[in-house]
Each structure stands twice: as structure tokens, then as C-alpha cells.
Amino acid sequence: MVENYLPAPTYFILLLITITRLISTVGNKTEHLNNNSLLSSDLISRHNLHDDPESLESASRDFGNLVHHLPRAVFHPRSPQDIASLVKTSYESPAPFTISVKGQGHSTRGQAMARGGVVVDMRALREENNSNKKKNIRVIWREEGYYGDVGGEALWADVLREAAEMGVAPASWTDYLYLTVGGTLSNGGISGQSFKYGPQISIVHEMDVITGKGELVTCSSHTNSELFHAVLGGLGQFGIITRARIALHPAPKMVKWVRLLYNDFSAFTKDQERLISINGRKHNNNDNNDDDVALDYVEGMLLMHQGPINNWRSSFFPLADHPRIISLVTQHSILYCLELAKYYDEKSENNVDKEMQGLLEGLSYMPGFYYEKKVSYVEFLNRVRSGELKLQSQRQWDVPHPWLNLFIPKSQIMDFDSGVFKNIIFKRNITTGPVLIYPMNRSKWDKRMSASIPEEEDIFYTVGFLHSSGFDNWKAFDAQNKEILKFCNDAGIKVKQYLPHYSTQEDWTKHFGPNKWRTFLERKLQFDPRMILSPGQRIFNKD
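The following refers to the structure shown. Fair warning: this is a prediction, and the values are worked out from it, not measured in the lab. (Residues numbered from 1 in each chain as written. Predicted model: local features only at pLDDT ≥ 70, side-chain atom pairs only at ≥ 80, totals over all residues. Heavy atoms only, no water.)

## Points about the nonpolar core
Here is step 1: Among the nonpolar cores identified, the biggest contains 87 residues, and Leu185, Met207, Leu261, Ile325, Tyr377, Phe380 and Trp445 are the most heavily contacted of them.
Here is step 2: Examining the composition of this core, we find that five residues originate from one element, helix H6 (residues 156-165), more than from any other.
Here is step 3: Those residues in contact with phenylalanine 380 that lie beyond four places of it in its chain are Gln193, Val255, Trp257, Tyr297, Ala341, Tyr343 and Val375.
Here is step 4: Core analysis: the next-biggest nonpolar cluster, separate from the first, contains 39 residues, Leu302, Leu406, Phe416 and Val435 among them. (Core = buried A, V, L, I, M, F, W, Y, C linked by side-chain atoms within 4.5 Å. Buried < 20%, exposed > 50% of the residue type's maximum accessible area, 1.4 Å probe, protein only. Helix = DSSP H or I, 4+ residues; strand = E, 2+ residues; numbered from the N terminus. Contact = heavy atoms within 4.5 Å.)

See below:
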């Protein structure tokens, strides 16, 4: 870190010069590594790295199936100390090699790859724990409540299963649970619960992290707080998460799950914003407890004539209603589906229908297009799994996924609807996968963390284009994504990418904003000064 007595402009100029030189140096060394195989056979043997064709090919792929970069070797760790030793070897080397961590490989643009470097396959650590019958979550009690210690390699699906068996659960989830804890915490971890409980990075209280220097550090908001806030949402740039302590709450038993249809986007967004603003509690005279009358989950999606009424994320609408829903889609081109959920248990079961009715009172959905289910809490959270298994059985899961996920300020969502949903998407007529849209409260995000969100307004939207394509036509979807981003730029919509993919320093600076980018640079110099970690993000390393 540069001394505090330097004037701010001088400080920032020196910082940029240092970073630029480091990027150039690392880029040249990475290129040198690719050409001359600086990962020697001795080093590969010493760290028990794998360089067989099958291991390398597996590590060169991800969920996106758009980018393929071969590493020099793959590492199958048996402990966090193994990972720390590998990183330290690179850090102390005259020509450090880059290291990426691959959990489930659910990135879509090669973010977990390390061309010419080493990919750490966290599945090996998970399998090691499973073979030793080690639980994925260890529940502990503190004065302020229950917490769970979970490994960075653990799947959220396993965390849910084991925690629910003990009657507790985290409050914030992703829609798809077969992701690693370390993976989602390195990005944010969002879903329809985020408006109320915050993203997953907001429920973390402590972590064990391996820095780019090979140091295994325990950090929290009180101890090593700069590292703690850097890593959460930090895109893997500052450290590798090997343990996270997350807040737990009593697990609900059941979920009342509702979908409503709209043909008017303004009414749809107005109702979404109203619902996420409700955060009241009602006193229950029967047991002297306060009942939470607010919803626990709010999402939305588009229904278009190109795609099926039910999609792989969940089958909800009854078959008998498909014809009239399809007729409406044909009439309006796009329908907007509002998806809601409220949790309950034995104590609140008698009131849940009445409370839901009260929450829906005054909403402007289309009469006669109200649908509901009551399912278990675990079934609701794991709702995407059945669709995944079906696609796997049809060999339609391991296909290209040219996804685009965006954050958009509330005040510009109407412009986005008219310019993107009703124009670009409608004219191109290729979108068949789910398109999600739902609001979040900015107050639930901690600005000290690395994750970048729109800062101008109290509410912002996330929009996700979850495309699946063939290997011969994914570029058409990619072109559509680029057209959407160009429209936003030309229209002055202050969009930010979630799970970002940029190729220039200018784009990354714009993504974070000048102040946050400056902090990002400072933290990189502090925790990974040799630019070893997560080269696939293409922030500091040449592609």
C-alpha cells in the first residue's frame, strides 16, 4: 500500500502505473508460461498435479460451453492446506503460474479457467470429505443465534439437506442449488429472496480464505475486514474461500407458491415494487409471538410465444390452462408472470391463506389467472433440479448457454422493456429460454463488499436471459446480447452485468465506477500482488 501522505491524485496515478506494469508483466509471463511450460514435470509431480488429456479437457469446459481454454495442469486437493501450498509455490516462483478454482464449473464465459495455468478442481475436496463421512455443514450456537460452518467446496443443495434435517437453514439462496458455496459467494448469490434477506454474501459472518500469497487467513467484518469485504463478490480476485460461517434460522416446513399473469408491464413492475416494500410484522395474541406477514420470495418472468408455458426451471401451470394462456400470449406477444412465495409451519398454517390474500389485495393481475401450489420448503428451494435432470436425460443440458444477467436501475426499467423486451427480443424472435425479471432493495447490499450494483436508487432490477442453444447457432444469441448492451449504452441506461464478462480495463472501470475500481485495485495489490488468482475473469490477466 502507498503511504497516506501522498496527495490523492498522485496516489491514484502511481497506483494505476503500478497496476499497468503488473498486468503487463503477468501477461508476458503467462505468455512465456504457455510457450515454454514453466510448470515443470518436477513441480507437477511434487504437487501431484494432473496433466493427462482427460483432466485437461474437463477443466477447459464450463456450463456456458462457449469458451474452451486448456490449463497446463489440474489439481485435486485433499485439504485447504494443499491449495495454500500450491498458491504459495506460485507466489514465490520467479515466474508465477496462474491458478483458477473450479467448483461446479457453472460459469458461462470461461471465468473458472486458467489457460496455461493450474485449475483447482474443488470436487476432489468434496469427494474427500464425503469419503470420510464428513458433513458439509457444522451447526454452532452463539449468543446472537445459530451459524453453520460450510466448506467452500460444498454444494448448496447438500447444505440445505443437512441443515433442514437439523431444523435450520440459511435465509438467502440461489434459484439453482447445485453450485458451490465458494462460487456463489465470489459473485453475490441472488434469487427472489434477495429483496428481503439480501444476497448470499450478506449472510456470511466469517471465512477462511487463501490469499494470492498462499496465506490461509480467517477473516470477518471485525478481523482482517479488508480481506473479508474484498472476497465477498470479488470474482475470485483476492482469495480462495475454503470455509464460510453463515447465519442460520429455523427452517420453515412449507411454502405457499403463487403465480399471477399480467399483460401490462407497468402494472407488473408496480406490483413487484409494492410487494418488496412490505416488511411488516403482526402480533399473534394466541402465542405472544410476532408473525412475519411479508412475502419471502418475489420473482418475475416473461412468457413469449417462442417458448413453452412451463420451462426447465419449474412446471407450474396446469395443462388444462395451457390453451388459454397460449391464446393470451399470441394476443399480447408478451405476458409477465409474477411469482411469489410465503413460508409457513404448523403454527402459521391456519393464517397463511388469509395473509396471502391480504398481500394480493389491490394487485393488478389479470382476473382468472391466479395459480397456486403448496409444497415443502425443500421442494420449493430445489425446484430447478427436476428440470435439470429431465434435460440431462434428453442430452440438452450440456449445450451452449449464452446467458446475460443484468442489474438495471428502477427508473430505467420501463425504457428497458420498450427497447429490449418489446423491440430487440420481439424482432429477433429467437429467445426460448427463461427470461427473469425481479426487483431488489439496495439497502440489503453492503457497499464495502466488492460486488457492484446500481447505487443511484433504492430499488434496482435484475434481468436474466437464460438462453440455451445449439452448438451451431449460439452466436445468434450472443449477437442479441451485444445488441441489448449496445441499446443500454446508447439509451443511457446505467446497466451493470451480474456475473460480468468484459475484455478491457475501460469496461471494468465503468462496471465498478471510479471509486470502487480504485478500491478494487488497492485490494488486488494487497492480497494478490502477482496477479495469480482467477485469470479467467480477464480483469488483470491477458486472455
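## Describing the packing of helix H10 (residues 265-277) against helix H15 (residues 413-428)
Pairs of packed helices are described in terms of their axes, by the angle between the two and the distance that separates them.
Here is step 1: Interaxial distance between H10 and H15 falls to 11 Å at its minimum, and their mutual angle equals 135°. The pairing of H10 with H15 is recorded here as oblique in orientation. Between H10 and H15 lies a crossing whose hand is right-handed. Residues Phe265, Ser266 and Thr269 of H10 touch H15, and the partners they reach there are Ile413, Met414, Asp417, Phe421 and Lys422.
Here is step 2: For the contact of H10 with H15, the class distribution of residues is four nonpolar, two polar and two charged. (Axes fitted to C-alpha atoms, helices over the stretch in contact; angles between N-to-C directions. Parallel < 35°, antiparallel > 145°, perpendicular 65-115°, else oblique. Left-handed = near helix turned anticlockwise from the far one by under 90°. Nonpolar A, V, L, I, M, F, W, Y, C, P; charged D, E, K, R; others polar.)

## A few points about empty space enclosed by the protein
Here is step 1: Here the structure, examined in full by the defined rule, presents four cavities of 30 Å³ or more.
Here is step 2: Volume-wise, the largest cavity comes out at about 1000 Å³.
Here is step 3: Lining the largest cavity are 49 residues, and of these His106, Gly183, Thr184, Asn187 and Leu499 lie nearest its centre.
Here is step 4: Looking at the lining of the largest cavity, the elements with two or more residues in it are strand E3 (99-102), helix H7 (181-185), strand E10 (239-250), strand E18 (435-441) and strand E19 (459-465).
Here is step 5: At four residues, E3 tops the list of elements feeding residues into the lining of the largest cavity.
Here is step 6: Taken together, the residues of the lining of the largest cavity break down into 22 nonpolar, 24 polar and three charged. (1 Å grid on protein atoms, 1.4 Å probe; cavity = no way out; pocket = protein on both sides within 12 Å on 5 of 7 lines; lining within 4 Å. Points joined across faces, edges and corners; volume = space filled by probe spheres on them.)

## Remarks on the pairing of strand E15 (residues 334-344)
Here is step 1: The buried fraction of E15 is high, at eleven of eleven residues.
Here is step 2: Going residue by residue along E15, you find Ile334, Tyr336, Leu338, Leu340, Lys342 and Tyr344 tucked away on one face and Leu335, Cys337, Glu339, Ala341 and Tyr343 tucked away on the opposite face as well.
Here is step 3: Across nine bridges, strand E11 (residues 254-262) lies against E15 in antiparallel orientation. Each bridged residue has a counterpart across the sheet, and for leucine 261 the counterpart in E15 is cysteine 337.
Here is step 4: Bridge count between strand E14 (residues 297-304) and E15: eight bridges; the pairing is antiparallel. (Pairing = 2+ DSSP bridges.)

## Notes on H6
An α-helical segment advances 3.6 residues per turn. Residues three or four places apart therefore align on the same side.
Here is step 1: Counting buried residues along H6, seven of its ten residues qualify, which places the element largely inside the surrounding structure.
Here is step 2: For H6, the elements touching its buried residues are strand E5 (137-142), strand E6 (145-151), strand E7 (168-169), H7, E10 and helix H13 (377-381).
Here is step 3: One or two residues past the end of H6 sits glycine 167, with phi positive at roughly 80°.

## Quick word on the pattern of salt bridges
Here is step 1: Taken as a whole and judged by the stated rule, the model has 35 salt bridges.
Here is step 2: Linking glutamate 206 and arginine 245 is a salt bridge whose minimum nitrogen-to-oxygen distance equals 3.8 Å. On the criterion of sequence distance, the pair formed by glutamate 206 in strand E8 (residues 204-211) and arginine 245 in strand E10 is long-range, its members being 39 residues apart.
Here is step 3: Residue class for arginine 245 comes out buried when judged on its relative accessible area of 13%.
Here is step 4: As a salt-bridge pair, arginine 243 and aspartate 208 come within 2.7 Å of each other at their nearest N and O atoms. Here arginine 243, found in strand E10, pairs with aspartate 208, found in strand E8; they are 35 residues apart in sequence, far enough to count as distant.
Here is step 5: For aspartate 208, a relative accessible area of 16% puts it in the buried group.
Here is step 6: In the salt-bridge network here, residues are joined through shared partners; they are Arg138, Asp149, Glu206, Asp208, Arg243 and Arg245. (Salt bridge = Lys/Arg side-chain N within 4 Å of Asp/Glu carboxyl O.)

## Quick word on the packing of aromatic side chains
Here is step 1: Enumeration according to the criterion identifies 33 aromatic pairs in this entry.
Here is step 2: Note on phenylalanine 407 and tryptophan 445: the rings are 5.9 Å apart at their centroids and 75° apart in plane angle, and the pair reads as edge-to-face. One end of the pair, phenylalanine 407, is in strand E17 (residues 404-409); the other, tryptophan 445, is in the loop between E18 and E19, with 38 residues separating them in the sequence.
Here is step 3: Plain terms: the ring middles of tryptophan 508 and phenylalanine 512 are 6.1 Å apart, the flat faces sit at 20° to each other, and that makes the pair stacked. Remark: phenylalanine 512 and tryptophan 508 occur in helix H17 (residues 505-512); sequence separation between them is four residues, near one turn of the helix. (Phe/Tyr/Trp six-rings, centres within 6.5 Å; stacked < 30°, edge-to-face > 60°.)

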